[in-house]
Amino acid sequence: MTQFTKKAIMETFMELLNRLPLNQITVQMISDECGISRNTFYYHFGDIYALLESTFQVEFEKWQETTKKFPSRKEEVKVALSFLLEERQAVYNIYDSLNHQLLEQFIYRVTEDIITERVRTVMGENSLATEEDIQLITFSYQALFLGLILEWIRRGMKDDISERIVRAEWLFLEGSRLALSQPRPETSDIE
């Protein structure tokens, strides 16, 4: 029964999010729509933001399961973007709310392990990359990825950006790998 209630709260939240900006949705609205008490809501979630994070986490876990089945990076990226496309209005309502940073933080947080793994794979074990290099490349690639996604959302999510993301990834990671194959300059030589 607990899982059923939790799922119902998440589904109700997404329905509301498809109609209203995030900052206009209240616990009382969710409770009323769901037919539960506020205490029941708080039993499952600390607040609206915890509910948002849990909802995104469930979708992320579904995506992780499906990406294991795709042979190409482009297909993987398309599936990753499918949740955003399927929930387009909800994404706009989060992005346009006062709390759009939550969307940014979520995308950043859930991509960290995936991008780190991708960076490690592309850099290869024979690379001259130090752990510090891997962290810097991962952070930089996450910023690139997040920027592409946020600009795509801002422009209305009209085009298929999966090819652009894969191309940007290739340019960035191949450029990083090429740079790491060269003798490392001293910091004073870079200035």
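In this text, all values refer to a predicted model and were calculated from it rather than measured experimentally.

Asks: Where do I start with helix α1 (residues 2-17) in this structure?
Replies: Each full turn of the α-helix corresponds to 3.6 residues, which orients residues three or four apart in the same direction. Along its 16 residues, α1 runs 22 Å from first to last C-alpha, staying within 8% of the 22 Å computed at 1.5 Å per residue. All of the buried residues in α1 are T5, I9, M10, T12, F13, M14, L16 and L17.

Asks: Mind showing me how you'd approach the packing of aromatic side chains here?
Replies: To describe a pair of aromatic rings, you give the distance between the ring centres and the angle between the ring planes. Per the counting criterion, the structure on display carries four aromatic pairs. Summarising the aromatic geometry, the rings of F41 and F45 are spaced 5.8 Å apart at their centres and angled 45 degrees between planes, so their arrangement reads as tilted. By relative accessible area, F41 is classed as buried at 0%. Note on Y108 and F139: the rings are 6.3 Å apart at their centroids and 75 degrees apart in plane angle, and the pair reads as edge-to-face.

Asks: Just to check I follow, could you spell out helix α5 (residues 73-86) for this structure?
Replies: The terminal C-alpha atoms of α5, which comprises 14 residues, lie 20 Å apart, in line with the 20 Å expected from a rise of 1.5 Å per residue. Of all the bends in α5, the greatest, near 30 degrees, is centred on A80.

Asks: Which parts of the structure should I look at to understand the pattern of salt bridges?
Replies: Pairing of side chains with opposite charge becomes possible as their charged atoms draw close. Enumeration according to the criterion identifies eight salt bridges in this entry. Residues R154 and E151 are paired through a salt bridge, measuring 2.6 Å at the closest nitrogen-oxygen approach. Here the residue R154 and the residue E151 both occupy positions in helix α8 (residues 131-154), the gap between them amounting to three residues, near one helical turn. We note a salt bridge from R164 to D159, for which the minimum N-O separation is 2.5 Å. Look at R164 and you get partly exposed, because its relative accessible area is 43%. When its relative accessible area of 34% is taken as the criterion, D159 is described as partly exposed. One salt-bridge network, held together by shared partners, links E151, R154 and R155.

Asks: What's the story with the environment of E151 in this structure? I'm lost.
Replies: Residue E151 is classed as partly exposed on the basis of its relative accessible area of 29%. Reaching out from E151, the side chain makes a polar contact with the side chain of R154 at a distance of 2.6 Å.

Asks: In this structure, what is going on with the packing of α8 against helix α9 (residues 162-180)? I would like to understand it.
Replies: Packed helix pairs are characterised by how far apart their axes lie and by the angle those axes make with each other. Running from amino to carboxyl end, α8 crosses α9 at an angle of 160 degrees, the nearest separation of the two axes being 11 Å. With respect to α9, the axis of α8 lies roughly antiparallel. The handedness of the crossing between α8 and α9 is right-handed. Contacts between α8 and α9 involve D133, I137, S140, Y141, L144, F145, L148 and I149 on the former and, on the latter, R164, I165, A168, E169, F172, L173, S176 and L180. Across the contact of α8 with α9, the residue classes break down as 11 nonpolar, two polar and three charged.

Asks: What is the right way to read the environment of F83 from this model?
Replies: Its place among the elements puts F83 in helix α5. With relative accessibility at 14%, the residue F83 sits in the buried group. C-alpha of F83 to C-alpha of L16: the two residues are 67 residues apart in sequence and 17 Å apart in space. When near neighbours in sequence (up to four residues on either side) are disregarded, F83 contacts M14, F56 and E59.

Asks: What is the right way to look at the nonpolar core in this model?
Replies: Side chains of a nonpolar character, in soluble globular proteins, are inclined to be buried together. Counting residues in each nonpolar core, the largest one holds 52 residues, and the members touching the most others are F13, L17, I30, I149, I153 and I165. Only α1, α2 (27-34), α4 (48-67), α5, α6 (88-95), α7 (101-123), α8 and α9 provide two or more residues apiece to this core. Residue contributions to this core peak at 10 residues, all from α8. Contact partners of L17, with chain neighbours within four places excluded, come to L22, I25, L52, Q89, A90, N93 and I94.

Asks: For this particular structure, what's the right way to read the side chain of T5?
Replies: Within the secondary structure layout, T5 lies in helix α1. Leave out the neighbours within four places in its chain, and T5 touches I36, T40 and H44.

Asks: Before we go on, may I ask you to explain the packing of α5 against α9 in this structure?
Replies: Across the interface, α5 lies against α9 with an axial gap of 9 Å and an inter-helix angle of 125 degrees. With respect to α9, the axis of α5 lies oblique. For the crossing formed where α5 meets α9, the hand is right-handed. Each of R73, K74, V77, K78 and L81 in α5 lies in contact with α9, whose residues at this interface are S162, E163, I165, V166 and E169. Counted by class, the contact of α5 with α9 contains four nonpolar, one polar and five charged residues.

Rules used in this analysis
- Residues numbered from 1 in each chain as written.
- Predicted model: local features only at pLDDT ≥ 70, side-chain atom pairs only at ≥ 80, totals over all residues.
- Heavy atoms only, no water.
- Helix = DSSP H or I, 4+ residues; strand = E, 2+ residues; numbered from the N terminus.
- Expected span 1.5 Å × (residues − 1).
- Buried < 20%, exposed > 50% of the residue type's maximum accessible area, 1.4 Å probe, protein only.
- Phe/Tyr/Trp six-rings, centres within 6.5 Å; stacked < 30°, edge-to-face > 60°.
- Bend = angle between axes of the 7 residues up to and from the residue.
- Salt bridge = Lys/Arg side-chain N within 4 Å of Asp/Glu carboxyl O.
- Polar contact = N/O pair within 3.5 Å; in protein donor to acceptor, adjacent residues only side chain to side chain.
- Axes fitted to C-alpha atoms, helices over the stretch in contact; angles between N-to-C directions.
- Parallel < 35°, antiparallel > 145°, perpendicular 65-115°, else oblique.
- Left-handed = near helix turned anticlockwise from the far one by under 90°.
- Contact = heavy atoms within 4.5 Å.
- Nonpolar A, V, L, I, M, F, W, Y, C, P; charged D, E, K, R; others polar.
- Core = buried A, V, L, I, M, F, W, Y, C linked by side-chain atoms within 4.5 Å.

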